[in-house]
Amino acid sequence: MVSEQIDWDALTFSFTPTDTMYVAKCKLGEEWTKGEMMPYGDISISPAAGVLNYGQGLFEGMKAQRSVNGGIVLFRPERNAARLQSGAKRLGMPPVPKEMFLDAVESVVAANARWVPPTGKGALYIRPVLWGTGAILGVSPAPEYTFMIYVCPVGPYFKGGMHPISLKVSDEYHRACPGGSGGVKAIGNYAPGMMPSKGAKKEGFAEIIYLDAVEHRYVEEVGAANFFCVKDNVVYTPELTGTILPGITRASIVDLARSKGYEVCEEKIDIEFALQADECFCAGTAAVISPIGSICHGDVCTMYCNNEVGPVTRELYDALTGIQTQVDPDEFGWMREVPIPN
Ligand SMILES: *Cc1c(COP(=O)(O)O)cnc(C)c1O
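Residues numbered from 1 in each chain as written. Predicted model: local features only at pLDDT ≥ 70, side-chain atom pairs only at ≥ 80, totals over all residues. Heavy atoms only, no water.

Novice: Please clarify how the overall build of the protein should be interpreted in this entry.
Specialist: Looking only at helices and strands, the protein features seven helices and 17 strands. Here the C-alpha radius of gyration of the protein, 20 Å, is about what a compact globule of 342 residues would show, namely 20 Å. Dimensions along the principal axes, computed over C-alpha positions, put the protein at roughly 55 × 50 × 35 Å. In the protein, buried positions account for 53% of the 342 residues. At a minimum sequence separation of 6, the contacts of the protein that also span at least 24 residues come to 71%. Here the protein contributes 29 positively and 40 negatively charged side chains, and the mean placements of these two sets differ by 4 Å. (Helix = DSSP H or I, 4+ residues; strand = E, 2+ residues; numbered from the N terminus. Rg over C-alpha atoms; globule rule 2.2 N^0.38 Å. Buried < 20%, exposed > 50% of the residue type's maximum accessible area, 1.4 Å probe, protein only. Contact = heavy atoms within 4.5 Å. Lys, Arg positive; Asp, Glu negative; His and termini not counted. Charge placed at Lys NZ, Arg CZ, Asp CG, Glu CD.)

Written out as structure tokens, the structure reads:
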């Protein structure tokens, strides 16, 4: 497919193969060797690979966007590099050096530049993965690791404008437990959420809200996004206790809200409190900021802002996307321009 033929308006949040991917390898106890770019395609892997048998794998999710200035920009990519490193330590994998991660991300984006949608039509989703690809029989770290990056154009998360979603609190399932792997993007954290999420969708909800696994009362996350609520103009988000994924969007919203004069509380959020809030939204790279129109917990349902986008949600959404598309000045130094060779 040549870029002239890409129908940007038809893009959704689904997989499309692109031109080029990046692959690097590392043996346990050694240094990473320089990665290479290769045509996007299937890879060959041992059936005894640690990632396939024991879930020794991590992923990251980022976006490259075409800014209003015409350049291609990344949002805080050094944060993704750092998060992949902390995940690697947790799963016994060799951390990828930050500079190597950033160079690789830039190279893949540059090589697939024709797949970056025009401003406002979506983004190039970037998926770095780190896997134990060496063969291992016993439950222990694999002897060899692969760090790969592939990219995929995606449409805007909300086509035709933001619309609030309805959520259901799960009393049955938990996403993570203290001391587990919920605080890193371990691949094994995601499959267990698929069935609960599918069940909620069948009942007409967009996603599940997970509560903490110990007291079953504090809000943790919304599917694979972080939770926020607003009450009397104070912005609340669950504190990072190790069971919540430290989202880069989450951290950025905390900084943005404070810079706009809001008080921001990072603390335990009782679901009863969230049900009394004025506004709720969830946040992550894919959805940016998604307004929550209603939450049901058992038979109790709360509707927020008459099922419309709340004012604080709207303000933070506009501020964040304004910085990300470079409509507004990058006062925090969050944006990184990808050099595109001619
Ligand atoms: C990736 C992810 C998020 C959002 O993180 P961002 O860095 O903002 O994209 C939130 N929760 C979970 C469980 C995630 O996997």
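The rest of the description comes next.
Novice: What is the right way to look at the pairing of strand β15 (residues 288–297) in this model?
Specialist: On any regular strand, side chains alternate: one points to one face of the sheet, the next to the other face. The element β15 is largely enclosed, with a buried count of 10 among its 10 residues. Across four bridges, the pairing between strand β8 (residues 165–169) and β15 is parallel. Bridge pairing in β15 links I165 to I292. The sheet contact formed by strand β14 (residues 279–284) and β15 spans five bridges and is antiparallel. (Pairing = 2+ DSSP bridges.)

Novice: I tried to follow the pairing of strand β6 (residues 123–132) on my own but got confused; where do I start?
Specialist: Counting buried positions along β6 gives 10 out of 10 residues, so the element sits mostly inside the fold. Side chains of β6 alternate between two faces, with A123, Y125, R127, V129 and W131 and L124, I126, P128, L130 and G132 buried alike. Judged from the three bridges that link them, strand β4 (residues 62–66) and β6 form a sheet pairing that is antiparallel. Opposite K63, over in β6, you have Y125 as the bridge partner.

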